[in-house]
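# Descriptive structure summary
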Amino acid sequence: MKSFTSVAMALLMVGANAFAPSNFGVTRPSSTAMYAKYNTIEEILALFPDDKPVLINFYDAGIEDDIKNDIVTLKRVMEGRASVCSAKTQDYPELAKLWDATDVSPTMILFKDGKPVKRILGEYHFLEVSAKIGPLCE
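Residues numbered from 1 in each chain as written. Predicted model: local features only at pLDDT ≥ 70, side-chain atom pairs only at ≥ 80, totals over all residues. Heavy atoms only, no water.

The next subject is the packing of helix H4 (residues 64-77) against helix H6 (residues 126-133). Running from amino to carboxyl end, H4 crosses H6 at an angle of 40 degrees, the nearest separation of the two axes being 9 Å. In terms of orientation, H4 lies oblique with respect to H6. The interaxial crossing formed by H4 with H6 has right-handed handedness. Here H4 contributes Asp70, Thr73, Leu74 and Val77 to the contact with H6, which in turn contributes Phe126, Val129 and Ser130. Tallied by class, the residues present in the contact of H4 with H6 amount to 4 nonpolar, 2 polar and 1 charged. (Axes fitted to C-alpha atoms, helices over the stretch in contact; angles between N-to-C directions. Helix = DSSP H or I, 4+ residues; strand = E, 2+ residues; numbered from the N terminus. Parallel < 35°, antiparallel > 145°, perpendicular 65-115°, else oblique. Left-handed = near helix turned anticlockwise from the far one by under 90°. Contact = heavy atoms within 4.5 Å. Nonpolar A, V, L, I, M, F, W, Y, C, P; charged D, E, K, R; others polar.)

The next subject is the side chain of Asn57. You can see Asn57 is positioned in strand S1 (residues 54-59). Side chain to side chain, Asn57 and Ser86 meet in a polar contact 3.1 Å long. Once residues within four sequence positions are removed from consideration, Asn57 is found in contact with Ile67, Ile71, Cys85, Ser86, Ala87, Pro106, Thr107 and Met108. (Polar contact = N/O pair within 3.5 Å; in protein donor to acceptor, adjacent residues only side chain to side chain.)

Turning next to the pairing of strand S3 (residues 107-112). Across the 6 residues that make up S3, a large majority, 5, are buried. For S3 and strand S4 (residues 115-121), the ladder comprises 6 bridges, and the chain directions are antiparallel. Of the residues in S4, the one forming a bridge with Met108 is Ile120. Between S3 and the antiparallel strand that follows it, S4, lie 2 residues; Asp113 among them carries a positive phi value of about 55 degrees. (Buried < 20%, exposed > 50% of the residue type's maximum accessible area, 1.4 Å probe, protein only. Pairing = 2+ DSSP bridges.)

What follows is the structure, encoded as structure tokens:
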């Protein structure tokens, strides 16, 4: 009887939600696929403040693991001077083709005042990229 009372008290304390199924193991679409909704560069640029340049990194899924840490570091290094965003060419094939970003990965394009001012092909190390765009982000 004592164990039954203990179990009943535990159920009251935990509540009925303790038996609800968890989300563990539930597969969800990739975050990139969930956000693949922009049709123009202007739509992407509109997400960022007008007062600083925007670097768009077009990259192929095959190199994602190789460049991820450098892109995260680049975002931190350029914080306050430029916005950095990435677009997987598989998620944005029309935009990548329009901006000639399908042959070399990554292809980075720096936009200032809505216009492309610098293109960087095949480089992704944060020091190299920041050295090339830094002077344009003052």
